[in-house]
Amino acid sequence: MSLLRLDHVSAFYGPSQALFDVSLALAEGEVMALMGRNGMGKTTTVWVICRMLRNRGGSVLLDGQDIGSWPSHRAARAGIGLVPEGRRCFRDLTVYENLIAAARPGEWDFAAVTRLFPRLAERRDQKAATLSGGEQQMLAIGRALMTNPRLLVLDEATEGLAPVVRQEIWAAIQRLKADTGMALLVVDKSLKELATVADTAVILEKGVSVWSGEFAALTDDITDRYLGV
Ligand code: ATP
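Fair warning: this is a prediction, and the values are worked out from it, not measured in the lab. (Residues numbered from 1 in each chain as written. Predicted model: local features only at pLDDT ≥ 70, side-chain atom pairs only at ≥ 80, totals over all residues. Heavy atoms only, no water.)

K.L.:
When you look at the confidence of the model for the chain in this model, what are you seeing that I'm missing?
P.N.:
Predicted coordinates in areas of low pLDDT are best not read in detail. A residue-level look at the chain finds 100% of positions with pLDDT of 70 or above and a mean pLDDT of 95. The complex prediction reports pTM at 0.95, with the ipTM value standing at 0.93. (pLDDT = per-residue confidence, 0-100.)

Quick look at the structure:
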């Protein structure tokens, strides 16, 4: 059975439809890349998965159970961890407080998160607002890990960061894949880096899933057509 499954999902912002009949399935431990140009529906799909936006048609299943009526906190408790676009840390809380606020029992605790991101231990008592962009991104990932998710959803986790910091974030994602059995849904624009972690891929265009399959089966023709500028 799939860990997460979207079956013929549609979603709207008021009267305007953003997702049309989107289906995807993610197995336990699978790393899926969710791709598409700007405004094609990636974040909307993420919101539907995390229950920050209700799907209007179709179904969203976690372990085969329809979670369509769940609020976002229930999805989080059930194991869907979100690293949102734009990071959204609690700016006036310290690094430690941000992490502890999210904590749920499991292997991911403050010590484990700071083993993945030693920088967060150095910044332990600093307010999130005073962190660099890269450190805030590490904090956002750490905070999601503290919920001990079964599925970690990363929405543009490397966006707007300096190349060296992006590499640190990708290294952390690679370690998550290698060292844990966590399923990952990764929204990102960097094909080269996605290729180092992704098992499968889904491409969205104008709210429609136009391609899905093994990441290794992506051809230049497909990526040029749907992701090229
Ligand atoms: P990006 O890479 O720019 O983040 P995306 O692929 O994540 O893009 P979405 O943010 O999911 O795309 O947007 C999909 C469509 O829904 C776009 O047409 C966008 O304008 C629209 N949309 C997104 N958020 C809202 C909102 N809060 N209200 C109305 N329309 C929205």
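Next comes the rest of the write-up.
K.L.:
Quick question: what am I supposed to make of the site of the ligand here?
P.N.:
Around the ligand sit 13 residues, and of these Gly39, Gly41, Lys42, Thr43 and Thr44 come closest. A distance of 3.2 Å separates an oxygen atom of the ligand from a polar atom in the side chain of Asn38. At 3.3 Å from an oxygen atom of the ligand is found a side-chain nitrogen or oxygen belonging to Glu85. Here the ligand has 630 Å² of accessible area as a free molecule, and 59% of this is covered by the chains. If one sorts the elements of the shell around the ligand by residue count, helix 1 (residues 42-49) sits on top with three residues. The residue makeup of the shell around the ligand, split by class, is three nonpolar, five polar and five charged. (Near = heavy atom within 4 Å. Polar contact = N/O pair within 3.5 Å; in protein donor to acceptor, adjacent residues only side chain to side chain. Areas by Shrake-Rupley, 256 points an atom, 1.4 Å probe, with all protein chains shown as cover. Helix = DSSP H or I, 4+ residues; strand = E, 2+ residues; numbered from the N terminus. Nonpolar A, V, L, I, M, F, W, Y, C, P; charged D, E, K, R; others polar.)

K.L.:
Teacher, can you tell me more about the sheet that holds strand 10 (residues 208-214) here?
P.N.:
Across the sheet, six strands lie side by side as 6-7-8-3-9-10; this open sheet has mixed pairing. Edge positions in the open sheet fall to strand 6 (80-83) and strand 10, since each of these has one partner strand only. For this sheet, the mean inter-axis angle between neighbouring strands, taken without regard to orientation, is 15 degrees. Inspection of the sheet shows strand 6 paired to strand 7 (residues 151-155) by four bridges, in the parallel sense. (Pairing = 2+ DSSP bridges. Axes fitted to C-alpha atoms, helices over the stretch in contact; angles between N-to-C directions.)

K.L.:
What is the right way to look at the nonpolar core in this model?
P.N.:
A general tendency of soluble globular proteins is for nonpolar side chains to be buried together. Counting residues in hydrophobic clusters, the biggest one holds 47 residues, and the most contacted among them are Leu145 and Leu152. Per element, the largest residue contribution to this core is seven residues, and it comes from helix 6 (residues 133-146). The residues touching Leu145, leaving out its near neighbours within four places in the chain, are Trp108, Val113, Leu116, Leu152, Leu176 and Met182. Residues Val9, Leu19, Ile49 and Ile67 belong to the second largest nonpolar core, which totals 30 residues. (Core = buried A, V, L, I, M, F, W, Y, C linked by side-chain atoms within 4.5 Å. Buried < 20%, exposed > 50% of the residue type's maximum accessible area, 1.4 Å probe, protein only. Contact = heavy atoms within 4.5 Å.)

K.L.:
So what exactly am I meant to see when it comes to the pattern of salt bridges here?
P.N.:
Two side chains carrying opposite charge are able to pair once their charged atoms lie near each other. This structure, assessed with the given rule, holds 13 salt bridges. The salt bridge involving Asp199 is made with Lys177; its shortest N-O contact spans 2.7 Å. With Asp199 in the loop between helix 8 (191-194) and strand 9 (200-205) and Lys177 in helix 7 (residues 163-179), this pair connects stretches of sequence that are 22 residues apart. Note on Asp199: relative accessible area 28%, which makes it partly exposed. Sharing partners across several salt bridges, the network here consists of Arg119, Arg123, Glu135 and Glu168. (Salt bridge = Lys/Arg side-chain N within 4 Å of Asp/Glu carboxyl O.)

K.L.:
What is the right way to look at the packing of helix 6 against helix 7 in this model?
P.N.:
When two helices pack together, you describe them by how their axes are tilted relative to each other and by the distance separating the axes. Where helix 6 meets helix 7, the axes come as close as 9 Å, and the angle between the chain directions of the two elements is 20 degrees. It follows that helix 6 is roughly parallel to helix 7 by the angle criterion. Crossing handedness for the pair helix 6 and helix 7: right-handed. Contacts between helix 6 and helix 7 involve Gly134, Gln137, Met138, Ile141 and Leu145 from the first element and Val165, Glu168, Ile169 and Leu176 from the second. Grouping the constituent residues of the contact of helix 6 with helix 7 by class yields six nonpolar, two polar and one charged. (Parallel < 35°, antiparallel > 145°, perpendicular 65-115°, else oblique. Left-handed = near helix turned anticlockwise from the far one by under 90°.)

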